[in-house]
Amino acid sequence: MTGTLRVALVGTGSVAHKHADAVAAHPRAELVAVTDHTRAAADAFAVRHGVPAVYDDFAALLDAEHPDVVLICTPPGPHRGQALAAFAAGAHVVVEKPPAASLDELDEMRAAAVAADRQLAVVFQQRTGTAAAHMRALLRSGSLGRPLLAVCDTLWYRGTDYFAVPWRGKWATEGGGTTLGHGIHQLDLLAHLLGDWESVQGRLWRLDRETETEDASTATVTFAGGAVAQVTTSAVSPREVSSIRIDTQKATITVDHLYGHGHDNWAITPAPGFEHEAAAWALPEVEERSDHGPLLRDVFDALLDGRPLPETATEPSRSFEIVAAIYASAAADGAVITPAALADHPTHRRSFASPVDDRRR
Ligand SMILES: NC(=O)c1ccc[n+]([C@@H]2O[C@H](COP(=O)([O-])OP(=O)(O)OC[C@H]3O[C@@H](n4cnc5c(N)ncnc54)[C@H](O)[C@@H]3O)[C@@H](O)[C@H]2O)c1
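Residues numbered from 1 in each chain as written. Predicted model: local features only at pLDDT ≥ 70, side-chain atom pairs only at ≥ 80, totals over all residues. Heavy atoms only, no water.

Caption draft 1: Quick peek at the site of the ligand. The environment of the ligand is formed by 24 residues, the closest being V15, D36, E96, K97 and Q125. Contacts to the ligand include S14, whose backbone N or O atom sits 3.0 Å from an oxygen atom. Side-chain polar atom of Q82 to a nitrogen atom of the ligand: 3.2 Å apart, as the coordinates give it. Across the complex, the protein chains shield 79% of the 850 Å² of accessible surface that the ligand would expose by itself. When atom positions are compared with the pocket grids, the ligand is found to occupy the largest pocket. Broken down by class, the residue content of the shell around the ligand amounts to eight nonpolar, 12 polar and four charged. (Near = heavy atom within 4 Å. Polar contact = N/O pair within 3.5 Å; in protein donor to acceptor, adjacent residues only side chain to side chain. Areas by Shrake-Rupley, 256 points an atom, 1.4 Å probe, with all protein chains shown as cover. 1 Å grid on protein atoms, 1.4 Å probe; cavity = no way out; pocket = protein on both sides within 12 Å on 5 of 7 lines; lining within 4 Å. Sits in = over half its atoms within 2 Å of the grid points. Nonpolar A, V, L, I, M, F, W, Y, C, P; charged D, E, K, R; others polar.)

Caption draft 2: Up close: helix α9 (residues 178–194). Across its 17 residues, α9 extends 22 Å between first and last C-alpha, which sits within 8% of the 24 Å expected from 1.5 Å per residue. At I184, α9 shows its strongest bend, of approximately 55 degrees. Of all 17 residues that make up α9, 17 are buried, and the element is covered over most of its length. Backbone geometry just after α9 places G195 at a positive phi near 90 degrees. (Helix = DSSP H or I, 4+ residues; strand = E, 2+ residues; numbered from the N terminus. Expected span 1.5 Å × (residues − 1). Bend = angle between axes of the 7 residues up to and from the residue. Buried < 20%, exposed > 50% of the residue type's maximum accessible area, 1.4 Å probe, protein only.)

Caption draft 3: Summary view of the pattern of salt bridges. Taken as a whole, this structure holds 21 salt bridges when the rule is applied. In this structure, the salt-bridge partner of D357 is R203, at a minimum N-O distance of 3.4 Å. Separated by 154 residues along the polypeptide, D357 in strand β14 (residues 357–358) and R203 in strand β8 (residues 197–206) bring together distant segments of the chain. The exposure class assigned to D357 is partly exposed, which follows from its relative accessible area of 30%. With a relative accessible area of 33%, R203 lands in the partly exposed category. Ionic pairing is found between R245 and D247, a salt bridge with its closest N-O pair at 3.2 Å. Salt bridges sharing common partners tie together R206, E210, D358 and R360. (Salt bridge = Lys/Arg side-chain N within 4 Å of Asp/Glu carboxyl O.)

Caption draft 4: Main features of helix α11 (residues 318–331). Taking 1.5 Å of rise per residue, 14 residues should cover 20 Å, and α11 covers 20 Å from first to last C-alpha, within 8% of that figure. Along α11, the positions that sit buried rather than exposed are R318, S319, F320, I322, V323, A324, A325, I326, Y327, A328, S329 and A330. Immediately downstream of α11, the backbone of D333 shows phi near 60 degrees, a positive value.

Caption draft 5: Structural detail: empty space enclosed by the protein. Taken as a whole and judged by the stated rule, the model has two cavities of 30 Å³ or more. The volume enclosed by the largest cavity comes to roughly 40 Å³. Breaking the lining of the largest cavity down by element, the ones donating at least two residues are α9 and α11. Here the element with the most residues in the lining of the largest cavity is α9; it accounts for three residues. (Points joined across faces, edges and corners; volume = space filled by probe spheres on them.)

Caption draft 6: How the structure looks around the nonpolar core. Formed by 72 residues in total, the largest nonpolar core has its most connected members in L190, F223, I246, W266 and I322. Top element by residues in this core is α11. It accounts for nine residues. Sequence-distant contacts of L190, that is, excluding residues within four places in its chain, are made with A150, C152, F223, A229, I244 and I246. The next biggest cluster of nonpolar side chains, apart from the first, holds 29 residues, and it includes L9, L71, A121 and V123. (Core = buried A, V, L, I, M, F, W, Y, C linked by side-chain atoms within 4.5 Å. Contact = heavy atoms within 4.5 Å.)

Caption draft 7: Examining the packing of aromatic side chains more closely. Throughout the structure, instances matching the rule amount to five aromatic pairs. Between W156 and Y259, the aromatic rings sit 5.0 Å apart at their centres with planes inclined by 85 degrees, giving edge-to-face as the arrangement. Here Y259 lies in the loop between β12 (251–257) and β13 (266–270) and W156 lies in strand β7 (residues 147–157), a separation of 103 residues in the sequence. With 5.0 Å between their ring centres and 85 degrees between their planes, Y162 and F163 make a pair best called edge-to-face. By relative accessible area, F163 is classed as buried at 15%. Here a set of aromatic residues connected by ring pairs shows up, and it is made of W171, F320, Y327 and F352. Over the ring of Y162 we find R158, and its NZ or CZ is 5.3 Å from the ring centre. Against the face of Y162 rests R168, its NZ or CZ located 3.9 Å from the ring centre. (Phe/Tyr/Trp six-rings, centres within 6.5 Å; stacked < 30°, edge-to-face > 60°. Lys NZ or Arg CZ within 6 Å of the ring centre and 35° of its normal.)

Fair warning: the whole summary comes from geometry, so function is off the table for now.
Following this line, the structure appears as structure tokens:
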């Protein structure tokens, strides 16, 4: 594709600023129009980012602008409808996590992309950065031996004001609780590193917040490559951390951060007897931190060059399925959920609404 990508954005809330900054940083992309439920929010956003056109509604934007790419930054509920409308209007779509409110909706979005011959890119920016790419390559090459055991923690703190935003904390509008909204980032990085999942057992907890959904969850996830992972997600943890630890036959990989990682956040500790191999595992000299910027840059470059999307923006369903399986397992009192069971699941492809074990006293 020659020229400049004409990019439009729907949902000018908090994450949208990251998208606007990423577009501004790209030499061949331009943010031409925005829209939001709240006109005043869209106007203020347009002024801040120098966007020339603001629309009251998304259909009007698509009709008037025919953008090459639509950035969907709304809450999960509208993702499906907005993606389908964008594909029908001939645009590629970049959608924020979680990509949809349900697995069935994501299937519809993927089918619509194929039918329209457009691309669906998903934003799980934890996959980006030179360190994650390096660790993924090391794990895939087998040079660390087989991955055996993993621990994946998203221990965050969200106060009552956070859940006062009307769409949060409710099955109908957020689709899920802290597992879907927060834990999915680290789970996605874990799955990006370890590959396909094999089984999930999960539990949902309401420990303190006034939410319909869970404010914490615990799960065991097994991967097709053999690894077993213990996954904890929380919105009630004052000392916050996002972390992954993977023990392989030859070393332990760790990453400890909060919302983004650079080389300093990662470490590889060799097992006794494998110290001499550690030099070959060293991180590359050039560092890029994980963020929206590299993800959108690589997506835009791929679209402009007519290349497949980067692996950082494909596979929208892997971590989404693991999250769905945690909900499905919790709804079945911690039963083992496999990919086959999830594919045929009678309820949890449409909605993650599940009973939450209330531990508030
Ligand atoms: N990748 C990340 O690090 C990250 C960080 C935060 C949020 N997110 C995701 O981004 C999405 C938005 O989250 P946020 O925190 O920016 O929310 P937000 O509430 O700050 O912003 C959402 C915006 O969308 C608008 N909106 C809602 N429904 C709409 C509709 N049907 N049409 C047009 N506009 C509509 C709202 O008015 C609001 O301005 C969610 O899916 C969230 O999970 C991702």
